[in-house]
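Coordinate analysis (summary)
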Amino acid sequence: MKKTKRIAYTALLTALYFVLSALLRIPVTDHLVLDLGYIALTVGAFYLGGVPGAVIGAVGALLESMLMGQRGVSLGWITMNAIVGYCCGTVFAKIRNADKKEFWRKACLVIVLSMLLGVTAKTALDCVIYKLPLALKIPSGLVAWATDSLVMILFGLPLSLTLKKTVSKLL
């Protein structure tokens, strides 16, 4: 894929991440929300790879926290999304053409592990920056890990696979 096309698709998916994350959050309980921005992050990582995946996650989270966040820019959330986008994109590029069962097994594993790594980094940064006790951040971090992983697995991966034929013609 040409560099210009890759940049354009990265920008498009970053904007889509922002729109989905800012406007289409599905509340489950008072403090539990399904963030649909992770669908765009999954699709971007799947088709574009690690570095564009990191850019989509980081810049999308930056835009959402700058323009819609009530507490300002969240360095932890930006870092978390960069980690998730990079890890998933790097592995997806290697397993994209694997048989279906193998792909699902590895894709789900990388999502769960990269989200755990990202949430751990976010939690550590938040504790250091805002001088919060770790015990206070762990429960919300675990909830974010579970819900964000679910969005990527239940919505992002199926959409990525469904679009495979269409997107391959564009790329």
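Please read these numbers as outputs of a predicted model, since none were measured by experiment. (Residues numbered from 1 in each chain as written. Predicted model: local features only at pLDDT ≥ 70, side-chain atom pairs only at ≥ 80, totals over all residues. Heavy atoms only, no water.)

Topic: the overall build of the protein chain
Looking only at helices and strands, the protein chain has 7 helices and 2 strands in total. Across the protein chain, helices and strands are ordered from the amino to the carboxyl terminus as α-β-β-α-α-α-α-α-α. For 171 residues, the compact-globule estimate of 2.2 N^0.38 gives 16 Å, and the C-alpha radius of gyration of the protein chain, at 15 Å, lies within 12% of that figure. Expressed along its principal axes, the backbone C-alpha trace of the protein chain runs to roughly 50 × 30 × 25 Å. Here the protein chain, with 171 residues, has 42% of them falling under the buried criterion. When contacts within the protein chain are restricted to residue pairs at least 6 apart in sequence, those whose partners lie at least 24 apart make up 71%. A total of about 9300 Å² of accessible surface is found on the protein chain, and carbon and sulfur atoms cover 71% of it. Where the 18 positive side-chain charges of the protein chain centre and where its 7 negative ones centre are 12 Å apart. (Helix = DSSP H or I, 4+ residues; strand = E, 2+ residues; numbered from the N terminus. Rg over C-alpha atoms; globule rule 2.2 N^0.38 Å. Buried < 20%, exposed > 50% of the residue type's maximum accessible area, 1.4 Å probe, protein only. Contact = heavy atoms within 4.5 Å. Areas by Shrake-Rupley, 256 points an atom, 1.4 Å probe, with all protein chains shown as cover. Lys, Arg positive; Asp, Glu negative; His and termini not counted. Charge placed at Lys NZ, Arg CZ, Asp CG, Glu CD.)

Side note on the side chain of S160
Summarising the element assignment, S160 is placed in helix 6 (residues 134–162). With sequence-adjacent residues up to four places away left out, S160 is seen in contact with T42, V43, F46 and Y47.

Thoughts on a nonpolar patch on the surface
A cluster of nonpolar residues, V19, L23, L24, M66, L67, M68 and V73, forms a patch on the protein surface that exposes about 640 Å² of accessible area. Mapping L23 onto the fold places it in helix 1 (residues 3–23). (Patch = residues over 30% accessible without salt bridge, like charges linked within 9 Å, V, L, I, M, F, W, Y side chains within 5 Å. Salt bridge = Lys/Arg side-chain N within 4 Å of Asp/Glu carboxyl O.)

Looking at the pattern of salt bridges
Summed over the entire model, instances satisfying the criterion amount to 4 salt bridges. Taken together, the shared-partner salt bridges connect E102, R105 and K106 into one network.

Here we look at the packing of aromatic side chains
For the structure shown, the criterion picks out 6 aromatic pairs. Measuring from ring centre to ring centre gives 6.0 Å for Y17 and Y38, while their planes differ by 85°; the resulting arrangement is edge-to-face. Of this pair, Y17 sits in helix 1 while Y38 sits in helix 2 (residues 37–48), placing them 21 residues apart in sequence. The burial state of Y17 is the same as that of Y38; both residues are buried. (Phe/Tyr/Trp six-rings, centres within 6.5 Å; stacked < 30°, edge-to-face > 60°.)

Quick word on helix 4 (residues 75–95)
An ideal rise of 1.5 Å per residue puts 30 Å on 21 residues; helix 4 measures up with 30 Å between its terminal C-alpha atoms. Those residues of helix 4 lying buried are G76, W77, I78, M80, N81, V84, G85, C88, G89, F92 and I95. (Expected span 1.5 Å × (residues − 1).)

Describing helix 2
Count 3.6 residues to each turn of an α-helix, and residues three or four apart come out pointing the same way. Relative to the 16 Å expected for 12 residues at 1.5 Å per residue, helix 2 spans 16 Å between its end C-alpha atoms, a close match to the ideal helical length. Burial within helix 2 is extensive, with 12 of its 12 residues counted as buried. Where helix 2 is concerned, the buried positions are G37, Y38, I39, A40, L41, T42, V43, G44, A45, F46, Y47 and L48. G49 sits one or two positions beyond helix 2 and adopts a positive phi of about 105°.

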